[in-house]
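So you can see what is in the structure, the chains are spelled out below.
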Amino acid sequence: SAEVISTECAGMVEEARKLVKIADNIVIKIPCIPEGLKAVKILSAEGIKTNVTLVFSMAQALLAARAGASYVSPFIGRLDDIGEDGVHLVENIVKAFKLYGITTEVIAASIRNLEHVEKVMLTGCQIATIPTKVLEQMIVHPLTDKGLAQFMADYQNSLK
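Residues numbered from 1 in each chain as written. Predicted model: local features only at pLDDT ≥ 70, side-chain atom pairs only at ≥ 80, totals over all residues. Heavy atoms only, no water.

Undergrad: What's the story with the sheet that holds strand β5 (residues 105–108) in this structure? I'm lost.
TA: Within a sheet, neighbouring strands are paired by backbone hydrogen bonds and run either parallel or antiparallel to one another. Overall, parallel pairing links the six strands, which are arranged β1-β2-β3-β4-β5-β6 in an open sheet. Two strands close off the open sheet at either side, each with one partner strand: β1 (2–3) and β6 (127–128). Sheet analysis places β5 next to β6, joined by two bridges and oriented parallel. Looking across to β6, one finds that I107 is bridged to I127. (Pairing = 2+ DSSP bridges. Helix = DSSP H or I, 4+ residues; strand = E, 2+ residues; numbered from the N terminus.)

Undergrad: For this particular structure, what's the right way to read the packing of helix α5 (residues 86–99) against helix α6 (residues 114–123)?
TA: As a packed pair, α5 and α6 sit with axes 9 Å apart at the nearest point and diverge in direction by 15 degrees. What the angle tells us is that α5 and α6 run roughly parallel. Both α5 and α6 take part in a crossing whose hand is right-handed. Between α5 and α6, the residues in contact are V87, V90, E91 and V94 and H116, K119, V120 and T123, respectively. Tallied by class, the residues present in the contact of α5 with α6 amount to four nonpolar, two polar and two charged. (Axes fitted to C-alpha atoms, helices over the stretch in contact; angles between N-to-C directions. Parallel < 35°, antiparallel > 145°, perpendicular 65-115°, else oblique. Left-handed = near helix turned anticlockwise from the far one by under 90°. Contact = heavy atoms within 4.5 Å. Nonpolar A, V, L, I, M, F, W, Y, C, P; charged D, E, K, R; others polar.)

Below is the structure:
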């Protein structure tokens, strides 16, 4: 991902055209603002992949998808911070996109904990941005540690 810093369409498009030259797999992050959606429309027509970020509603996700965004990123943790259900938004976006044959992929962003990861997996969301702290928590389980200790003890006992 490479993020534009302009807030006007022309600047975003100019930045994006430069950024995509860095590597073949660059996706341009564009904020979900009117000028951003204009830029997405232009960039999409040029075959440049975009991720519309800072999405906080179904309406924003739909507008971004219809503008040609490759990805939309609803920020679930930030919605939870203001008392809304961020995972529910992801679930609804995924359902609506499937219902209407929209090919834009959904990236669950602003993941804060293991519960977020588990819940967005069940929504059918294609991608999640997961912080290192949560990734580390995903691999740990006390029964795994206990089971490994037992396996090692059994092995040592079999050598006697």
